[in-house]
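Observations on the three-dimensional arrangement
One-letter residues, chain by chain:
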Amino acid sequence: MGIHPNDLNDNWQDEVHELESLLDNKKIVGIGEIGFDFHYPGYSKERQQEAFDMQVEIFAIDSNLPIVIHTRDAGQTVLDALEKFNGNVRGIIHCFSEDMAFAERAIDLGFVLGIGGPLTYPKNETLRQVFKTVPLEKIVLETDAPFLPPQKIRGKQNSPAQIRNIALYLAELRGITLEEVTKVTTQTAEKLFCLTKFQQ
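Scoring rules and cut-offs
Residues numbered from 1 in each chain as written. Predicted model: local features only at pLDDT ≥ 70, side-chain atom pairs only at ≥ 80, totals over all residues. Heavy atoms only, no water. Pairing = 2+ DSSP bridges. Helix = DSSP H or I, 4+ residues; strand = E, 2+ residues; numbered from the N terminus. Axes fitted to C-alpha atoms, helices over the stretch in contact; angles between N-to-C directions. Contact = heavy atoms within 4.5 Å. Parallel < 35°, antiparallel > 145°, perpendicular 65-115°, else oblique. Left-handed = near helix turned anticlockwise from the far one by under 90°. Nonpolar A, V, L, I, M, F, W, Y, C, P; charged D, E, K, R; others polar. Phe/Tyr/Trp six-rings, centres within 6.5 Å; stacked < 30°, edge-to-face > 60°. Buried < 20%, exposed > 50% of the residue type's maximum accessible area, 1.4 Å probe, protein only.

Turning our attention to the sheet that holds strand β3 (residues 91–93). The strand order across the open sheet formed by five strands is β1-β2-β3-β4-β5, and the pairing between neighbours is parallel. Strands at the two margins of the open sheet, each flanked by one partner only, are β1 (31–37) and β5 (139–141). Averaged over all neighbouring strand pairs, the angle between strand axes comes to 30°, with direction disregarded. Bridge count between β1 and strand β2 (residues 67–72): six bridges; the pairing is parallel. Considered in β2, the bridge of Ile31 is made with Ile67. Sitting on the sheet, helix α5 (residues 125–133) touches β4 (111–115) and β5, and the angle it makes with β4 is about 130°.

See below:
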């Protein structure tokens, strides 16, 4: 649960408190997407910053939940925002689309990198270099369904069924087996979201 930066209306603070009231539900394992989006005209950087800080403090710090960060045209702002919390937060950089320098800093700050369909797009060589290089245990697989389908079905609606194709692509990119990608990325997700408690 969380309030996306593009969904911050005039009552966003009340909505955060409504979400806070749901924390007693032990099935909530993370917060997101929250973050920054400077792509569309008319955004308020100040409002996005206030909402991000409030959600991080209430959910990530006070409640010890990981966060899933949305970032679009706002890379440096995200890093600056995370620096303020001195490594006391963890989570995923959702739909990672930045460069190696950003990746390394995000990992240093306690985050893993989420990747889905864009890894397969022909023009994303910089992205492929990042995911070929960073430690496998710092990667989680995503689909962002119904958006961002892999290249093979580009133009069609994405679905969670495509997660296997992302894993296959990543395995080939790194020259390792599908089984290794599956095992390591699953372990990373389970650890990050404390999912093993639901398997007992």
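Here we come to the packing of helix α3 (residues 75–83) against helix α4 (residues 100–108). In the contact formed by α3 and α4, the axes pass within 11 Å of each other and the chain directions differ by 20°. One finds that α3 runs roughly parallel with respect to α4. Seen from above, α3 lies across α4 with left-handed handedness. The segment α3 lies against α4, with Gly75, Val78, Leu79 and Glu83 engaging Phe102, Arg105 and Ala106. Residues of the contact of α3 with α4, tallied by class, amount to four nonpolar, one polar and two charged.

What follows deals with the packing of aromatic side chains. On inspection of all chains with the given rule, the structure shows five aromatic pairs. Here Phe36 and Phe52 contribute two aromatic rings whose centre-to-centre distance is 5.0 Å and whose plane-to-plane angle is 45°, an arrangement assigned as tilted. One end of the pair, Phe36, is in strand β1; the other, Phe52, is in helix α2 (residues 45–61), and 16 residues separate them in sequence. By relative accessible area, which is 0% here, Phe36 ends up buried. Measuring from centroid to centroid gives 5.9 Å for Phe96 and Phe131, while their planes differ by 75°, and the two rings are edge-to-face. Of this pair, Phe96 sits in the loop between β3 and α4 while Phe131 sits in helix α5; the two residues are 35 residues apart in sequence, bridging distant segments of the chain. The residues Phe96 and Phe131 share a single accessibility class, namely buried. Joined through ring pairs, the aromatic side chains of Phe36, Phe38, Tyr43 and Phe52 make up one cluster.

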